[in-house]
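# Structural overview for review
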Amino acid sequence: MAGDLFGDLPPPSYHSPPIQSQEDLQLLQPHKPVKIINDDKTTENSVPVPPPPLKSALKRPKPPPESTASEDSGSGKKLRFKTTTDASVSQIVEAMQKIASHIGNPAKFSKASKLAIQLIQAGSVKPETADNFLAILEAAMLSPTSCNDASVRSDYHALFSAAQDAFDVCFRMYFKSTFGTFVVYFFFQLLNKKQKNQLTVWTIRALEANDLYTDDSFVFSKAAGRIKDLISNLPVATKEDDAEEAAALQDEKEMASRVIQSTQDVSSSDLSTAGTTKEESDPFGLDALISTKESKGKDEEEAMRFLRLKREALITCLEIAAKRYKIPWCQTVIDILVKQAYENVSRFTSKQRDAIEKLWVSIREQHNRRKQGSQFPRSTQVRKSAFVVLLGVLGSVVASSGL
C-alpha cells in the first residue's frame, strides 16, 4: 500500500549540488581540534586552525604581454605630451608685433631673438605672416653696425642663420606612371625682389662680417672666401653710378624725415576723394602708361640701392678683417682678401675706392714690417749662437793653459 501512495505523482526530482573543487571541499569540512602535547599532560585546543591558503592566491600575476612592447619598439613611436597648441594667424601676427617692438633694444635683443627663432622652428613663417616676420628683422637691423657688437654678435648670427631658409617653402608632389613613381619639388619664395635683396644685405652684415670675428681659422677662411666671391660678382661701377651714389647718400636722410611728415599729414578726406576723382582726372587713360614708366624707374632705383647697400656691407667686412691683421694666423688670409678687393676696385664707387686703397696701403705696410721683423730675429739668433761658440773656445783655451 505504501508504494501506491505516490502512484499518480511523478517521481521526485533531485537537484545535485554543483561539483566543487578539492580545496572548497576541504573548507566545508569541520575543523578538528588540535592536540597540544606538554610535558605534564595533553590538552585539546579548541581554537580552530585557519584554513590553508588557496592555490589560486599563491599564483603570481601574469606579466603584461610582450607583444605590445615589441610593437612600440619596432615602430619607434613614443608617447609625447602635447605642451603647445596650434596658434591662429592672428595670434602669430600679434606675437611677431610684440617681438618687433622689443628686438631693437640691445638689452632685450637676446631674449627677443630666441623667441623669433622659436617661431621659425614652429613653422609660423607662412605667406600670411612673412611680412610681419620681415618687420622683426628690419627692427633688428635699424642700426647697420649693431649686429657686430660683441654682446649680441652670436645672437644675430643665430637669428639670421635661421631666417635664411625660413622664407623658402618647398612643396613635394608624387606622380605615378607606368615607369614608376616620380617626385617633383616646387620651391616658393615668400618674399618679393626688394625684400629678398634687403635680406641678402642683412645676411652679409650678420653672418659674413661676424664670422670674421671668430677664433677658428677654418671659419675665418671660409668667410673670407665667400666675401671674395661676392666682390667678384659685383658689376663694374660707372661714373654715372658714382654721381647717383653721391646724390643718394645726401638725400637719404632728408627722404627719411619727409616720409615721416607725409604719413602724418595724410588725412582721411584725401583717401575718400581719391576714388571719385580718378575717372575725371584721367579721361584718356594715360595714367596706365605713366605708371609703367614709373615702375621701370622704381625697379632701376631699387637695383641701384641694392648694389649700394651690398657694396657698403662688403666694405664693412674688409674693415673688420683689416683690424684683425695683428693675429698671426689671420695675416695670410687677409693679405689675399684685401688684394682681391684692390684688384677689383673698379666694381666699387668713388668713395668706396678711396676706402679700399687706404686699406691696401695699410695692409702692405704691415706686411712689409712683418717680413722685416721675421728677418731681425734670425740675425740675432745667429749672433747669439756665434757668441756661445766663442765663449766655448775661450773656455777651452783657458782650461788648457792652466790659468
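Okay, so let's go over this structure. (Residues numbered from 1 in each chain as written. Predicted model: local features only at pLDDT ≥ 70, side-chain atom pairs only at ≥ 80, totals over all residues. Heavy atoms only, no water.)

## A few points about the overall build of the protein
We apply this condition: The helix count covers DSSP runs of H or I at least four residues long, the strand count covers runs of E at least two residues long, and both are numbered beginning at the N terminus. Every residue pair with non-hydrogen atoms within 4.5 Å of one another is taken to be in contact.
In terms of regular secondary structure, the protein is built from 15 helices and four strands. Taking the contacts inside the protein whose residues are at least 6 apart along the sequence as the reference set, 67% of them involve residues at least 24 apart.

## Looking at the packing of helix α9 (residues 217-232) against helix α14 (residues 331-343)
Worth spelling out the cut-off: Axis definition: a line fitted to C-alpha atoms, limited for helices to the stretch in contact. Angles are taken between N-to-C directions and run from 0 to 180 degrees. Each angle receives one of four descriptions, namely roughly parallel if under 35 degrees, roughly antiparallel if over 145, roughly perpendicular if within 65 to 115, and oblique otherwise. All amino acids are sorted into three groups, where Ala, Val, Leu, Ile, Met, Phe, Trp, Tyr, Cys and Pro are nonpolar, Asp, Glu, Lys and Arg are charged, and the leftover types, Gly among them, are polar.
Interhelical geometry of α9 versus α14 gives an angle of 5° and a closest axis separation of 10 Å. The angle between the axes of α9 and α14 places the two elements in the roughly parallel class. Residues F220, S221, A224, I227, K228, I231 and S232 of α9 lie in contact with α14, whose contacting residues are V333, I334, I336, L337, Q340 and A341. For the contact of α9 with α14, the per-class residue count stands at nine nonpolar, three polar and one charged.

## Thoughts on the environment of E301
What counts here: Here's how the labels work: a residue is buried when its accessible area is under 20% of the maximum for its type, exposed when over 50%, partly exposed in between, all with a 1.4 Å probe on protein chains only.
Mapped onto the secondary structure, E301 falls in helix α13 (residues 287-323). Judged by its relative accessible area of 58%, E301 is exposed. When the C-alpha positions of E301 and A248 are compared, they lie 9.9 Å apart, and in sequence the two are 53 residues distant.

## A short note on helix α7 (residues 153-164)
Given 3.6 residues per turn, any residue in an α-helix points the same way as the ones three and four places further on. As a reminder of what qualifies: Multiply 1.5 Å by the residue count of a helix minus one, and that product is the helix's expected span. Summarising the geometry, the arc corresponds to the directions from the helix axis toward the C-beta atoms.
Between the first and last C-alpha of α7 there are 17 Å, a value that for 12 residues agrees with the 16 Å anticipated at 1.5 Å per step. Taken together, the buried positions of α7 are occupied by D155, Y156, L159, F160 and A163. The arc that holds every buried residue of α7, seen down its axis, measures 115°, which confines them to one face. Buried-residue contacts for α7 involve α5 (109-121), α6 (130-140) and α8 (193-211).

## Focus: the packing of aromatic side chains
As a reminder, the rule being used: Stacked, edge-to-face and tilted are the three classes for Phe, Tyr and Trp ring pairs, Trp counted by its six-membered ring, which pair at centre distances within 6.5 Å; planes under 30 degrees apart are stacked, over 60 edge-to-face, the rest tilted.
Enumeration over the complete set of coordinates arrives at four aromatic pairs. Aromatic side chains F109 and Y156 sit 4.0 Å apart centroid to centroid with 15° between the ring planes, which places their arrangement in the stacked category. With F109 in helix α5 and Y156 in helix α7, this residue pair connects regions lying 47 residues apart in the sequence. Pair check on accessibility: F109 and Y156 agree, each one buried. Ring plane angle 15° and centroid distance 5.1 Å describe the contact between Y342 and W360, whose orientation is recorded as stacked. Pair noted here: Y342 is in helix α14 and W360 is in helix α15 (residues 350-401), with a separation of 18 residues, a long-range link. Classification of Y342 by relative accessible area gives partly exposed; the value is 36%. Here W360 falls in the buried class, since its relative accessible area comes to 16%. Here a set of aromatic residues connected by ring pairs shows up, and it is made of F109, Y156 and F160.

## Some points on the state of the cysteines
Applicable threshold: Any two cysteine sulfur atoms within 2.5 Å of one another count as a disulfide.
Scanning the model with the defined rule gives zero disulfides in all. Sulfur of C147: no disulfide; nearest cysteine sulfur belongs to C317 and is 9.1 Å away. You can call C147 buried: its relative accessible area is 0%.

## Focus: the pattern of salt bridges
For clarity, the cut-off: The rule for a salt bridge is simple: a side-chain nitrogen of Lys or Arg has to be within 4 Å of a carboxyl oxygen of Asp or Glu.
With the rule as written, the count across this model stands at seven salt bridges. Linking R324 and D215 is a salt bridge whose minimum nitrogen-to-oxygen distance equals 3.7 Å. Of this pair, R324 sits in the loop between α13 and α14 while D215 sits in the loop between α8 and α9, and the two are 109 residues apart along the sequence. Where R308 meets E312, a salt bridge forms, and the shortest distance between an N and an O atom there is 3.7 Å. Of this pair, R308 and E312 both sit in helix α13, four residues apart, which is roughly one turn of the helix. Look at E312 and you get partly exposed, because its relative accessible area is 24%. Through salt bridges that share partners, E208, D211 and R226 make up one connected network.

## Description of α9
Threshold: Polar contact criterion, stated in full: a pair of N or O atoms within 3.5 Å, where within protein one must be able to donate a hydrogen and the other to accept it, and residues adjacent in sequence count only if both atoms are side-chain atoms.
When the terminal C-alpha atoms of α9 are compared, their 23 Å separation across 16 residues agrees well with the 22 Å that a helix rising 1.5 Å per residue should span. Every buried residue of α9 is accounted for by F220, A223, A224, I227, L230 and I231. Each buried residue of α9 lies within a common arc of 120° when the element is viewed along its axis, so the set occupies one face. Where α9 starts, the residue carrying a side-chain oxygen 3.1 Å from the main-chain nitrogen of F218 turns out to be D216.

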